[in-house]
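Per-entry structural report
The lines below spell out each chain.
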Amino acid sequence: MNVYDYDIGIVGGGLAGLTAAIQLRKKGYTVSLWEKNKYPFHRVCGEYISKESWDYLQRCGIDLPALQLPEINKLELSSHGGSVLKAKLDLGGFGISRYWLDYLLYEEAKRQGVAVFEGAKVEQLFYRNGSFEILAGSNSVKVKLALGSFGKRSNIDVKWQRKFVAQKPDSLNNYIGVKYHIKTDLPNDTIALHNFKGGYCGVSKVEADLYCLCYLTTASNLQAAGGIREMEERVLFRNSYLRKIFEQSKFIFTAPVTISQVSFNRKELIYDQVPLAGDACGMITPLCGNGMSMAMHSGKIFTNLADDFLQQRISLEGMLGRYAKAWDLQFSGRLQIGRMVQANFGKEWQTHLFISALKYLPGLTNRIIKATHGQPF
Ligand SMILES: Cc1cc2nc3c(=O)[nH]c(=O)nc-3n(C[C@H](O)[C@H](O)[C@H](O)COP(=O)(O)OP(=O)(O)OC[C@H]3O[C@@H](n4cnc5c(N)ncnc54)[C@H](O)[C@@H]3O)c2cc1C
């Protein structure tokens, strides 16, 4: 007979992990959450959240109206050749830094009674003899059910030798991400996406008079330039909009927050009986602007099925099968369109032509935006 330390163990305290932890605790389960960093901390993200997740975040205990966040309902796309496309975002979104949002969720998780292990890097997560085990430093716990929500690329992916880790560089992997917070003079209600050779840079408002400036580009762009600053000057500044923003804004961080080895390739949804959520099982390109909503939504799908499993209404196999089915139905199509769009962006003239053509095809622009976004959940 197994003795469990917690009903649930969640590895990775980003948006998927934190919101799933809060929801499962609210259902009455004992929950442990494992995060390698200590809150609050900055992470690379464009910090524009699609309105899809407005209601869900409120149900997770975040009083969004009280935060008076900027509402963003316009999109501006520019190419290096100076072509600009402007579009309305039907559902729209809002801006908040991950530093603040993740911290608010962490505080709420603790208030609800989630056992949060921060500064705790999980080295092993596996299923054996009817229980999941989580090992981090000197901590070792057994749980009835685990969730892997450890983001884009983790030491666990390497340990598990997941396929995407070994994949050779192609048009869908080996990207780097760079983020700054800036003070600047730009509209509050617009998310701008400025393209450059091998990447694109998003700029939109968050809280406290700050804007998030975040870009994604190929690792080869950085290697060729020899450093971030050199790459910005040589590559990003060829888009005159970006040059102006860089030259006329006040940069708040002394150095940017960065990540590397970002992959949009396909990933397994379940690994060795461990269900995965958020970027750990599939990442939509930032171009589509709703990875955060998808991460939380996949966590929500997990929480409902976890409840059925823990109440012994379904077996573990049944739960995993239903999770895979529900996930596919909700996200597969969106990820596919996101990959297609990603593979075509960053090629200077192709992007320029694409943006120039879309200016005269507003119906198609709206269709692409709609196809990569979901509905409130
Ligand atoms: C350049 C860029 C810009 C983006 N811009 C946007 C945007 O504007 N809007 C949007 O909606 N999405 C955007 N995204 C996507 C969005 O950031 C992600 O989809 C979202 O953060 C995924 O959430 P998550 O919970 O799955 O992972 P994360 O938020 O990455 O959380 C995973 C957590 O797991 C922890 N972890 C990893 N390994 C371990 C371990 N072994 N033990 C313990 N903890 C571990 C990590 O420290 C991390 O805190 C962007 C992504 C990139 C790369």
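Quick note: structure is the one above.
So, here's what we can say about the structure. The residue numbering used here restarts from 1 in each chain and proceeds along that chain's sequence as written. For a predicted model such as this one, the threshold for reporting local features is a pLDDT of at least 70, and the threshold for listing and counting side-chain atom pairs is 80 or more; totals across whole chains, interfaces and linings nevertheless cover every residue. Excluding hydrogens and water, the side-chain values take into account all heavy atoms of the structure.

Quick notes on helix α4 (residues 98-112)
For clarity, the threshold we go by: Numbering of helices and strands runs from the N terminus; a helix is a DSSP stretch of H or I covering at least four residues, while a strand is a stretch of E covering at least two. An expected span of 1.5 Å times one less than the residue number is assigned to each helix. The contact criterion used throughout is that any non-hydrogen atoms of two residues lie within 4.5 Å.
Here α4 contains 15 residues, and its C-alpha end-to-end distance of 21 Å stays within 8% of the 21 Å for a straight helix at 1.5 Å per residue. Buried residues along α4 sit in contact with α1 (15-26), β3 (48-50), α2 (54-59), β6 (115-118) and α10 (291-310). Just past α4, the residue G113 takes up positive phi, approximately 105°.

Regarding the site of the ligand
Test applied: Being near a molecule or strand, for a residue, means having at least one of its heavy atoms within 4 Å of it. Each polar contact in these results corresponds to two N or O atoms within 3.5 Å; when the atoms are within protein, one needs to be able to donate a hydrogen and the other to accept it, and residues that are neighboring in sequence are counted only if both atoms are side-chain atoms. All accessibility values rest on the Shrake-Rupley procedure with a 1.4 Å probe; residue burial counts only the protein chains present in the view. Gly falls in the polar group here, along with every residue not listed as nonpolar (Ala, Val, Leu, Ile, Met, Phe, Trp, Tyr, Cys, Pro) or charged (Asp, Glu, Lys, Arg).
Lining the immediate surroundings of the ligand are 39 residues, of which E35, R43, G46, Y48 and N155 lie closest. In the environment of the ligand, an oxygen atom lies 2.6 Å from a nitrogen or oxygen atom belonging to the side chain of E35. For the ligand, whose unbound accessible area comes to 1000 Å², protein coverage reaches 96%. Elements that contribute at least two residues to the shell around the ligand include exactly α1, β2 (31-35), α5 (155-159), β13 (211-218) and α10. The element best represented in the shell around the ligand is α10, accounting for 3 residues. Each residue belonging to the shell around the ligand can be placed in one class, and the counts come to 18 nonpolar, 13 polar and 8 charged.

Quick look at the nonpolar core
Short version of the rule: As used in this record, nonpolar core signifies buried Ala, Val, Leu, Ile, Met, Phe, Trp, Tyr and Cys residues forming a set joined through side-chain atoms within 4.5 Å. Residue burial is assigned from relative accessible area. The probe radius is 1.4 Å, only protein chains are included, and a residue is buried under 20% of its type maximum, exposed over 50%, and partly exposed in between.
In terms of nonpolar packing, the biggest core is built from 75 residues, with I10, L105, L125 and L145 touching the most fellow members. Top element by residues in this core is α10. It accounts for 10 residues. The contact partners of L105, leaving out residues within four places of it in the chain, are L15, L18, T19, I22, L57, C60 and I62. In this structure, L85, L89, F264 and V341 belong to the second largest nonpolar core, which totals 21 residues.

Overview of the sheet that holds β6
Two strands in a sheet stick together by hydrogen bonds in their backbones, pointing the same way (parallel) or opposite ways (antiparallel). In plain terms, the rule: For two strands to count as paired, DSSP must find a minimum of two bridges between them. Each axis is a line fitted through C-alpha atoms, and for a helix only the stretch in contact is used; angles between axes span 0 to 180 degrees, taken between their N-to-C directions.
Read across the sheet, 6 strands follow the order β6-β2-β1-β9-β8-β7 without closing on themselves; strand pairing throughout is mixed. Edge positions in the open sheet fall to β6 and β7 (124-128), since each of these has one partner strand only. Along the sheet, successive strands turn relative to each other by an average axial angle of 40°, direction set aside. Lying on the sheet, α1 is in contact with β1 (6-11), β2 and β9 (139-148); it crosses β2 at an angle near 170°. Packing against the sheet, α10 makes contact with β1 and β9, and its axis sits at approximately 110° to β9.

Remarks on the environment of G227
Following the sequence through the fold, G227 ends up in the loop between α7 (219-225) and α8 (228-234). On the accessibility criterion, G227 (13% relative accessible area) is buried. In the structure, G227 is positioned 211 residues away from A16 in sequence and 32 Å away in space, judged by C-alpha atoms.

Describing unusual backbone geometry
Residue Y39 is joined to P40 through a cis peptide bond whose omega torsion reads -5°. As for its position among the elements, P40 is in the loop between β2 and β3. Positive phi, close to 65°, is recorded for N174, a residue that is not glycine. For N174, the location among the structural elements is in the loop between α6 (163-166) and β10 (175-183). One non-glycine residue, D272, lies in positive phi territory at about 50°. The residue D272 is located in the loop between β16 (270-271) and β17 (274-275) in this model.

Digging into the layout of surface pockets
The criterion, for reference: Any residue with an atom within 4 Å of a point lines the site, the site being either a cavity, points on a 1 Å grid over the protein atoms alone where a 1.4 Å probe fits but cannot get out, or a pocket, an open set with protein on both sides within 12 Å along at least 5 of 7 lines. Grid points are joined across faces, edges and corners, and a volume is the space filled by probe spheres set on the points.
Each pocket or cavity is described by its volume, and for the second largest pocket that value is around 300 Å³. Lining the second largest pocket we find 14 residues, and of these D185, L186, P187, Y241 and I245 sit closest to its centre. Of all the secondary-structure elements, those providing two or more residues to the lining of the second largest pocket are β11 (190-196) and α9 (240-248). Examining the composition of the lining of the second largest pocket, we find that 4 residues originate from one element, α9, more than from any other. Of the residues belonging to the lining of the second largest pocket, the class tally is 7 nonpolar, 4 polar and 3 charged.

Details of a nonpolar patch on the surface
Note the cut-off: What makes a patch is a set of residues exposed beyond 30% relative accessible area and free of salt bridges, joined within 9 Å when like-charged and within 5 Å when nonpolar (Val, Leu, Ile, Met, Phe, Trp, Tyr). Here, a salt bridge means any side-chain nitrogen of Lys or Arg that lies within 4 Å of a carboxyl oxygen of Asp or Glu.
A cluster of nonpolar residues, Y360, L361 and L364, forms a patch on the protein surface that exposes about 330 Å² of accessible area. Tracing the backbone shows Y360 in the loop between α12 (348-358) and α13 (362-372). A relative accessible area of 66% means that Y360 is categorised as exposed.

Observations concerning α1
Compared with the 16 Å implied by 1.5 Å per residue over 12 residues, the 17 Å span of α1 between its first and last C-alpha is a close match. With 10 of its 12 residues buried, α1 lies for the most part within the structure. For α1, the complete set of buried residues consists of L15, A16, G17, L18, T19, A20, A21, I22, Q23 and L24. Contact partners of the buried residues in α1: β1, β2, α2, α4, β9 and α10.

All we've got here are geometric facts, nothing functional implied.
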